[in-house]
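The residues making up each chain are set out below.
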Amino acid sequence: MSAPRKTFIPNEIQCFWCNGRMKRGTCRTGSGVEHVTYFCEDCGAVSHFAVSDKQKISSIAVEYKSADPP
């Protein structure tokens with residue numbers, strides 16, 4: 001395993017869809033797959049970032065849900 005990361009995970013990032021502010025949601029660091037999710041309160045976009053030092057992430061599955069019916 002590689003050396004520990006010295007990563008700064010910000011509370012907010014700029015939304016690349018609407019240029020609004022994305023707020024940090026779920027965040028898990030320290031073991032296994034580390035991940036952080038951001039949610040834009042302006043346009044509703046979601047961004048998910050993940051990394052693993054133990055193995056290469058080879059795929060991801062995402063399910064989108066809406067409070068309102070389509």
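Just above, that's the structure.
Each chain carries its own residue numbering, running from 1 in the written order of its sequence. Note on the predicted model: pLDDT of at least 70 is required for a residue's local features to be given, and 80 or more for side-chain atom pairs to be given and counted; whole-chain, interface and lining totals, by contrast, use all residues. Hydrogens and waters are ignored; side-chain quantities use all the structure's heavy atoms.

(A) Looking closely at the packing of aromatic side chains. Each aromatic pair joins two rings of Phe, Tyr and Trp (for Trp, the six-membered one) with centres within 6.5 Å, and gets the label stacked for planes under 30 degrees apart, edge-to-face for over 60, and tilted for any other angle. All chains considered together, the criterion is met by two aromatic pairs. On the basis of an interplanar angle of 75° and a centroid distance of 6.1 Å, the ring pair of Tyr38 and Phe49 is categorised as edge-to-face. In this pair, Tyr38 sits in strand 3 (residues 34-40) while Phe49 sits in strand 4 (residues 46-51), placing the two residues eleven residues apart along the sequence. Burial status follows relative accessibility: with a 1.4 Å probe on protein chains alone, a residue under 20% of its type maximum counts as buried, one over 50% as exposed, and anything between as partly exposed. Take Tyr38: its relative accessible area is 3%, and that puts it in the buried class. The partly exposed category is assigned to Phe49, whose relative accessible area is 41%. Put simply, DSSP marks the helices as runs of H or I at least four residues long and the strands as runs of E at least two long, and each gets a number from the N terminus on.

(B) Representation of the pairing of strand 2 (residues 21-28) in the model. In terms of strand pairing, strand 1 (residues 12-14) meets strand 2 through three bridges, oriented antiparallel. Bridged to Ile13 within strand 2 is Met22. Two strands make a pair as long as DSSP finds a minimum of two bridges between them. Once strand 1 ends, the chain turns through six residues before running back antiparallel as strand 2, passing Asn19 with a positive phi of about 65°.

(C) Examining unusual backbone geometry more closely. Located in the positive-phi region is Asn19, a residue other than glycine, with phi close to 65°. Summarising the element assignment, Asn19 is placed in the loop between strand 1 and strand 2.

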